Structures are given as C-alpha cells and as structure tokens.
Amino acid sequence: MFSSLARKCKHASVCISLTRLKINPSRAQFRRLIKVYYRAHGRDLTWRCTRDPYKILISEVMLQQTQVERVRMKYPEFIARFPNFRALAAASLSDVFAAWQGMGYNRRALALKRLAQIVVERYGGVLPKDPKILDSLPGIGWATACAIMAFAYGQPFPFIETNIRRVFIHFFFPRTRKVSDAQILVQVAATLDMRNPREWYYALMDYGSYLACTVPNPNRRASQYRRQSRFEGSERQLRGRILAFLAKRGIAVRIDTLARTLGGSRRRIKKVLDTLVKEGFIIIRSNRISLSL
C-alpha cells in the first residue's frame with residue numbers, strides 16, 4: 001500500500017522515511033519533524049509571498065474548495081484584474097464571474113464581490129483586524145477568519161483545514177474513529193508556534209499535502225468526513241449555472257425562462273432558488289429572479 005502511494009508523490013524521496021515516523025510523538029518531536037520537512041520541501045506559492053490582507057483573503061477563499069494547482073493558475077489572473085477591495089467592489093458581476101471561470105462554486109465569487117462592497121462601504125477599503133468581524137463577512141467563516149489573522153496579521157489563532165486535520169489525526173489519533181474537530185483543536189492550540197504562526201501553518205499544510213499521497217487518508221476517520229458527491233448533474237452545479245446566468249443577463253428573469261434555458265425541471269430549479277434566497281444571493285419578486293447585488 002505504502003509503496004504504491006509513495007510512487008504517486010513528488011516528495012517520495014523525502015529524507016524523513018514514513019516507516020520511521022513516530023506515532024503519538026512529544027510536542028517537541030512533532031514540531032521538529034514538521035519544521036525539518038518544511039525547510040526541505042516547503043511549497044513555493046505566490047500568495048505566501050505577501051502579507052496584504054486582500055490578497056491573502058482571495059487566496060484563502062479560492063482554496064476553500066479548490067485544489068492548490070488550479071488556484072496557483074487562477075490566483076495571479078484574478079489579482080491582476082481586481083488588485084484591491086475597491087476594484088473588486090466596483091467591478092460588474094459579469095467580470096467577476098468571468099475571472100472566476102474554471103474555479104467552480106460560483107457562489108464564492110459572488111460572496112467575494114459582496115464582501116468587497118462591505119469592506120469599502122463600512123471599513124474604508126481596509127480589512128478589519130478582528131476575527132469576529134471577519135467571520136461575519138460573506139464567504140469567510142471562522143476557520144478562514146483565523147487563517148487570515150495568521151497569514152496577514154501574524155496572530156496565533158488555532159484553526160483547522162483539510163491538510164492540518166490530516167496531520168493531527170495521523171500523529172495524535174492513530175487508532176481513533178470519529179475524531180472530532182474539537183479534539184483536534186486542542187492539539188493544534190497546544191503545538192501552535194506563537195511567535196511565527198504564519199510559517200508554522202504553512203509547514204503543517206505542506207506536510208499534510210505530503211501525507212495525502214503517502215498514507216491512506218486519515219481524514220476518513222474525522223467525525224465530519226463526508227464523501228464528495230458527484231458534481232455533474234448535482235444541485236451544486238445547478239447553483240453555479242443559475243448564478244452565472246443571472247450575472248450574464250443582468251436583469252430579472254422569470255423562473256420558467258430559467259428552467260427552459262438551463263434545461264432543468266421547474267420544481268428542481270425552484271428548490272435551488274429557495275436556498276439561494278435564504279442565503280441572500282438572489283431576490284424573487286413577482287415570479288422574477290435577480291441577483292441581490
């Protein structure tokens with residue numbers, strides 16, 4: 001199992017042999033292992049070369065549900081087109097969706113546009129240095145808020161994302177089923193580098209990426225683990241198509257028109273529309289649909 005997985009990993013020649021890694025290490029051993037790996041194999045990613053809160057925010061939202069390699073390609077284009085909050089806030093939805101094309105989950109692009117408008121209108125174009133405020137903004141959430149605090153402002157807030165979760169389950173919960181994020185956060189907080197959380201989190205993420213191609217996925221033992229459902233033909237795909245269609249049209253459309261254009265049943269489309277209304281993305285008046293912006 002290990003050898004077949006290792007052949008797929010570009011870091012298969014890593015100097016730290018997986019067969020010699022110690023499970024349930026001391027915190028000092030754990031920190032040393034992660035840092036040694038990072039010094040030798042840390043990834044060169046564009047968004048790691050900045051402390052600009054706007055640029056870090058964009059990268060974090062992009063990375064929420066998209067693989068690093070795709071973000072690596074799209075991120076520079078998006079930043080070049082919308083270099084700051086004011087540029088993004090002033091852009092048309094059609095332009096934002098066009099720049100987002102290929103990233104999937106179009107609601108993230110819409111949330112970023114709404115967020116930019118809020119930051120410009122309420123905070124003078126400056127992203128607040130407060131995780132509670134960040135958590136309240138569209139498309140962020142607590143984990144992303146804490147990541148921004150660490151990467152933009154150097155503040156040591158514990159948080160979990162996919163690769164970090166993988167690392168901690170692998171080392172500290174080797175035989176535990178249904179590991180909760182609350183259990184993992186205890187270990188994250190206990191091992192956090194308080195002086196340089198930014199680099200420490202990068203190191204954890206890179207080691208988690210390494211584990212992803214060298215061991216069976218530890219995240220399957222996380223209590224929140226769910227297999228990703230098929231995208232083609234899913235409601236997720238339909239959501240994205242609806243938002244992109246409304247942005248392109250730029251005017252309110254009837255539900256029947258939407259169903260006829262997208263080729264779905266009126267009942268199924270109405271179900272998705274109800275969800276988008278609850279989330280604040282669209283408005284329905286007199287059987288006509290438009291984006292809430």
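As the structure is a prediction and not an experimental result, all values here were calculated from the model. Throughout this document, residue positions are counted from 1 along each chain, in the order its sequence is written. Per-residue local features of the predicted model are confined to residues with pLDDT of at least 70, and side-chain atom pairs are confined, for both listing and counting, to 80 or more; whole-chain, interface and lining totals are unaffected and use all residues. Only hydrogens and water are set aside; all other atoms, that is, all heavy atoms of the structure, feed into the side-chain values.

Quick look at the packing of helix H14 (residues 255-262) against helix H15 (residues 266-278)
Move 1: For helices, the fitted axis covers only the stretch in contact; all axes are lines through C-alpha atoms, and the angles between them, taken along N-to-C directions, range from 0 to 180 degrees. Going along the chain from the N terminus, every DSSP run of H or I of four or more residues is numbered as a helix, and every run of E of two or more is numbered as a strand. Where H14 contacts H15, the axes come no closer than 9 Å and their chain directions differ by 115 degrees. The orientation of H14 with respect to H15, classified from their angle, is roughly perpendicular. Note that H14 runs across H15; the crossing there is right-handed. Contacts between H14 and H15 involve Ile255, Asp256, Leu258 and Ala259 from the first element and Arg266, Ile269, Lys270 and Leu273 from the second.
Move 2: For this classification, the nonpolar set comprises Ala, Val, Leu, Ile, Met, Phe, Trp, Tyr, Cys and Pro, the charged set comprises Asp, Glu, Lys and Arg, and every other residue, Gly included, is treated as polar. Taken together, the residues of the contact of H14 with H15 break down into five nonpolar, no polar and three charged. Our angle categories are set so that under 35 degrees counts as roughly parallel, over 145 as roughly antiparallel, 65 to 115 as roughly perpendicular, and the remainder as oblique. Left-handed describes a crossing in which the near helix is turned anticlockwise from the far one by less than a right angle; the clockwise case is right-handed. In this analysis, two residues are considered to be in contact whenever any of their non-hydrogen atoms come within 4.5 Å of each other.

Structural notes on the confidence of the model for the protein chain
As a note on interpretation, predicted positions should not be read in detail where pLDDT is low.
Move 1: Across the protein chain, pLDDT averages 87, with 89% of residues at or above 70.
Move 2: Along the chain, pLDDT gives the predictor's confidence residue by residue, from 0 to 100. Helix H5 (residues 85-90) holds the highest mean pLDDT among the elements of the protein chain, 98, whereas helix H1 (residues 2-6) holds the lowest, 40.
Move 3: Scored below 50 in pLDDT, residues 11-20 shows 20 contacts in the model against residues more than four places distant or in partner chains.

Notes on the environment of Leu291
Move 1: Mapping Leu291 onto the fold places it in strand S3 (residues 288-291).
Move 2: Think of it in three bands: with a 1.4 Å probe and only protein chains considered, a residue is buried below 20% of the maximum accessible area for its type, exposed above 50%, and partly exposed in between. Residue classification places Leu291 among the buried positions, given a relative accessible area of 11%.
Move 3: Sequence spacing of Leu291 and Gly250 is 41 residues, and the spatial spacing of their C-alpha atoms is 8.2 Å.

So, helix H7 (residues 107-123)
Move 1: A helix is expected to span 1.5 Å for every residue after the first. Here H7 is 17 residues long and its end C-alpha atoms lie 23 Å apart, about the 24 Å a rise of 1.5 Å per residue gives.
Move 2: Contact partners of the buried residues in H7: helix H3 (53-63), H5, helix H6 (93-100), helix H13 (235-249) and S3.
Move 3: At the exit of H7 stands Gly124, carrying a positive phi of roughly 65 degrees.

Brief notes about the packing of aromatic side chains
Move 1: Stacked, tilted and edge-to-face pairs are distinguished by plane angle, under 30 degrees for stacked and over 60 for edge-to-face with tilted covering the rest, among Phe, Tyr and Trp rings (Trp via its six-membered ring) whose centres lie within 6.5 Å. Within the structure shown, the criterion is met by 17 aromatic pairs.
Move 2: Here Phe151 and Phe159 contribute two aromatic rings whose centre-to-centre distance is 6.2 Å and whose plane-to-plane angle is 85 degrees, an arrangement assigned as edge-to-face.
Move 3: On the basis of relative accessibility, which here comes to 1%, the residue Phe151 falls in the buried class.
Move 4: Its relative accessible area of 4% is what places Phe159 among the buried residues.

Some details on the side chain of Arg166
Move 1: You can see Arg166 is positioned in helix H10 (residues 162-172).
Move 2: A polar side-chain atom of Arg166 sits 2.4 Å from a polar atom in the side chain of Asn163.
Move 3: Sequence-distant contacts of Arg166, that is, excluding residues within four places in its chain, are made with Gly208, Ser209, Leu211, Ala212, Asn217, Pro218 and Asn219. Distance and chemistry together define a polar contact, namely a pair of N or O atoms within 3.5 Å, with one atom able to donate a hydrogen and the other to accept it when in protein, and with adjacent residues in sequence counting only for side-chain atoms on both sides.

A word on the sheet that holds strand S1 (residues 253-254)
Move 1: Strand pairing is assigned whenever DSSP detects at least two bridges linking the two strands. Here we have three strands laid out as an open sheet, ordered S1-S3-S2, and antiparallel in their pairing. The outermost strands of the open sheet, each flanked by one partner alone, are S1 and strand S2 (282-285).
Move 2: As paired elements, S2 and S3 share four bridges and run antiparallel to each other. Paired with Ile284 across the two strands is Ile289, which belongs to S3.
Move 3: H15 rests against S2 and S3 of the sheet, and its axis sits at about 115 degrees to S2.

A look at the packing of helix H2 (residues 27-41) against H10
Move 1: At a minimum axis distance of 13 Å, the contact between H2 and H10 shows a crossing angle of 135 degrees. The angle between the axes of H2 and H10 places the two elements in the oblique class. Both H2 and H10 take part in a crossing whose hand is right-handed. Together, Phe30, Leu33 and Ile34 of H2 and Val167, Phe168, Phe171 and Phe172 of H10 make up the contact between the two elements.
Move 2: Broken down by class, the residue content of the contact of H2 with H10 amounts to seven nonpolar, no polar and no charged.

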